[in-house]
Amino acid sequence: MSGVELGLAAFGILMALLVVRIPIGIAMFLAAAGIYLVLNRGDTTSLLYTMNNLVYARLSNYDLAVIPLFILMGQFATHGGLSKSLFHAAGSLIGHIRGGLAMASTAACAAFGAICGSSLATAATMGQVALPELRRNNYSGRLATGTLAAGGTLGILIPPSVPLVIYAVLTQESIGKLFVAAVIPGIVAALGYMAVIRIIVTLDKDAGPASPKLPWSQRIKAQFGVLPVLLVFVVVIVGIYGGWANPTEAASIGAAACGLIAVISGGMRLKDLKQSIVGTAIATAMIFLVLIGADLLNSALALTQMPTELAAWVKNSGMPPLLVLFTIIGIYVLLGCVMDSLAMILLTVPIFYPVILGLDFFGLSAGDKSIWFGIVALMVVEIGLVHPPVGMNLYVINKLADDVPMKETALGVLPFLASDLLRIVALVFFPPLCLWLVHVTG
Amino acid sequence: MSELLYPPAERKAHDFAELWLNRIAEILAWIGGITLISLVLMSLVSIVSRKLGFQPVNGDVEIMQMGCAVAAAAFIPLCTLRGDHLRVEFFTDKCRPALKRRLDAIGDLLIASVFCLLAWRTGFQALDGRTTGEISALIGFPIWIAVAGLVPSLVMTVLCGAYRTWVEFAVLQENPS
């Protein structure tokens, strides 16, 4: 059996294991172990030797340490009542225009996403605050739930972003550069969602009625609630990119700052601290089990040389690069129907990344291509969170709004999905969207 | 996402084991959480003193690496006991509960087996490291101690996976359909 055949067979086995509900990390581990055994004709020595340091090496990776730290930071932000002040700040500014409160929810999601690296946490936290307000102001269930399900994805689109950290570790790319590259596409995403809301309320005047205008004194006062969030974001992102803190240190500062804010303003008690720790534990363990499995799988695939041979084959086949890229995007959309975004990144980036780097896109340099593909991949895996059948955000939001049927939520998110697809196309054909800020600040 | 393994009425028979496993898994998660928060504070002290022109904490990077490894491993048993590991549910969503439970029993058995291997090999690595006496570069801390710090969590994961397998099969026997 050639290396490529072996790699493909391992993938087939992996997929079969996933179908029958084997945990993703364990399925990756088993597929990888199979490759080792076949390559060594049943001799277990090299597999066992590789396993010696597998767990410690992965868990003690300095860059991956930012993941539990960012999760802890997001947990503190969730329990610290920051979501409420963000929503009120945005709502007091634009709530009086039609659809304004929905736009304010999007803005608040974007701001919350700036201190939280997880999409589900953003959707759940902002949903708890914004959904009752939207419903109280007679927003339609479809618009309210669609807005928040889509808005939740801003949690990973706007840095810090856990999938980007993983992409950075897999490809040895700079976390700081990737975070900076994600800023403008993230803002474009938020603006795109607001434009969608604007169109919806223009077409259906009852979907999002305007609420009364507040006096300026109150509106200005509400803005002070945003300051701590802004501060944390600037410290983390500028700290990383400005080079005076590495990502792990910046994440520590962010976690400490969010913890402090939660204690001071949100009145975080021992009970909330306990919830934060358990939440951090579960989310971290989920990610690290997949990381351990993916680590062994990637070493095994490298032994088969399947990724390099596949990349060479695609390069020599003369296929137009954009066709290859759109095929990859199509695969992501399909995988997104059944799989979690992190697992998708871990599974596919080691294979697709060399393929992309081997092709020529608009004459981009290798470094630029690597950042650009990271942002494209992030955008594509993120839409898996909102498109049926298993868009997790849909479930999270729908659970919070008991009077809205699931079908309404799924329909409500469709217009936002259209804006996602438009943005992905724009990013593919216009890489400066993400690269410009990197070049200007670098 | 975390669902009860079986309805509360069936719970009684296995309560004692689960009570203790849950207690230990939670204690481990707390140890991990407190380690993580201590690392945050250590990092903070280090960076602030560096900015103010003092000496940063000596070996802050390696302390973070070793501490984070121990903390992350300590989180795994609780996640395993609660059955929260990521899996693809799409294809089996419409299947009978008994079939899903059977598949999950196999999944949990595989978790236990894989972690059994990992605990063995990691323990071996720790012993090996003790003989070779490898120490961290700046503070000279023996790395084998950090590696050995993972082993209790890995062993606990084996127990949690095995316990779930046992309960799932027990429930299936009482309630085969």
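Provided above is the structure to which this section pertains.
The rules behind these values
- Residues numbered from 1 in each chain as written.
- Chains lettered and ligands numbered in written order.
- Predicted model: local features only at pLDDT ≥ 70, side-chain atom pairs only at ≥ 80, totals over all residues.
- Heavy atoms only, no water.
- Contact = heavy atoms within 4.5 Å.
- Buried area = accessible area lost by both parts, 1.4 Å probe.
- Polar contact = N/O pair within 3.5 Å; in protein donor to acceptor, adjacent residues only side chain to side chain.
- Helix = DSSP H or I, 4+ residues; strand = E, 2+ residues; numbered from the N terminus.
- Nonpolar A, V, L, I, M, F, W, Y, C, P; charged D, E, K, R; others polar.
- Expected span 1.5 Å × (residues − 1).
- Buried < 20%, exposed > 50% of the residue type's maximum accessible area, 1.4 Å probe, protein only.
- Arc of directions from axis to C-beta.
- Patch = residues over 30% accessible without salt bridge, like charges linked within 9 Å, V, L, I, M, F, W, Y side chains within 5 Å.
- Areas by Shrake-Rupley, 256 points an atom, 1.4 Å probe, with all protein chains shown as cover.
- Salt bridge = Lys/Arg side-chain N within 4 Å of Asp/Glu carboxyl O.

Novice: Could you clarify how one ought to interpret the interface of chain A and chain B in this entry?
Specialist: Put simply, an interface is often sized by how much accessible area is lost when its parts join up. Chain A puts 55 residues into the contact, and the matching count from chain B is 57 residues. Carbon and sulfur atoms make up 78% of the area that chain A and chain B hide from each other, which totals about 5300 Å². When the buried area of chain A at its contact with chain B is split by residue, A:Arg21, A:Asn52 and A:Tyr56 rank highest and sum to 16% of it. At the surface where chain A touches chain B, the tally comes to 8 residue pairs in polar contact (both at pLDDT 80 or more). Listing elements by their share of the side of chain A that touches chain B, those giving two or more residues are α1 (3-19), α2 (24-39), α3 (45-52), α4 (54-59), α5 (66-79), α15 (247-264) and α16 (270-304) of chain A. Class assignment of the residues belonging to the side of chain A that touches chain B gives a composition of 44 nonpolar, 7 polar and 4 charged.

Novice: Help me understand α1(A), please; the structure alone is not making it clear to me.
Specialist: Within an α-helix, residues lying three or four positions from one another point in the same direction, as the helix has 3.6 residues per turn. All names here are of chain A. Its 17 residues give α1 an end-to-end C-alpha distance of 24 Å, which sits within 8% of 24 Å, the value for a rise of 1.5 Å per residue. Leu6, Gly7, Ala10, Phe11, Leu14, Leu17 and Leu18 are the residues of α1 that are buried. Taken down its axis, α1 places every buried residue within 140° of arc, on the same side. Against α2, α16, α17 (306-316) and α19 (341-358) lie the buried residues of α1. Residue Arg21 follows α1 closely and has a positive phi angle near 70°.

Novice: How do you make sense of a nonpolar patch on the surface when you look at a structure like this?
Specialist: Residues and elements named next belong to chain A. Together, Leu93, Trp216, Ile220, Phe224, Leu227, Leu230, Val234, Val238 and Trp244 line one region of the surface with nonpolar side chains, adding up to about 880 Å² of accessible area. Only α13 (216-223) and α14 (227-242) provide two or more residues apiece to the nonpolar patch. Looking at the element boundaries, Leu227 is found in helix α14. By relative accessible area, Leu227 is classed as partly exposed at 45%.

Novice: What exactly am I supposed to notice about unusual backbone geometry here?
Specialist: Where the residue is not glycine, phi is negative for most of them; where a peptide bond is considered, it is trans in most cases. All names here are of chain A. Residues Pro159 and Pro160 are joined by a peptide bond in cis, for which omega reads 0°. Secondary-structure assignment places Pro160 in the loop between α10 (154-157) and α11 (162-171). Despite not being glycine, Gln172 has its phi angle at roughly 55°, a positive value. By the element assignment, Gln172 lies in the loop between α11 and α12 (175-203). Its relative accessible area of 75% is what places Gln172 among the exposed residues.

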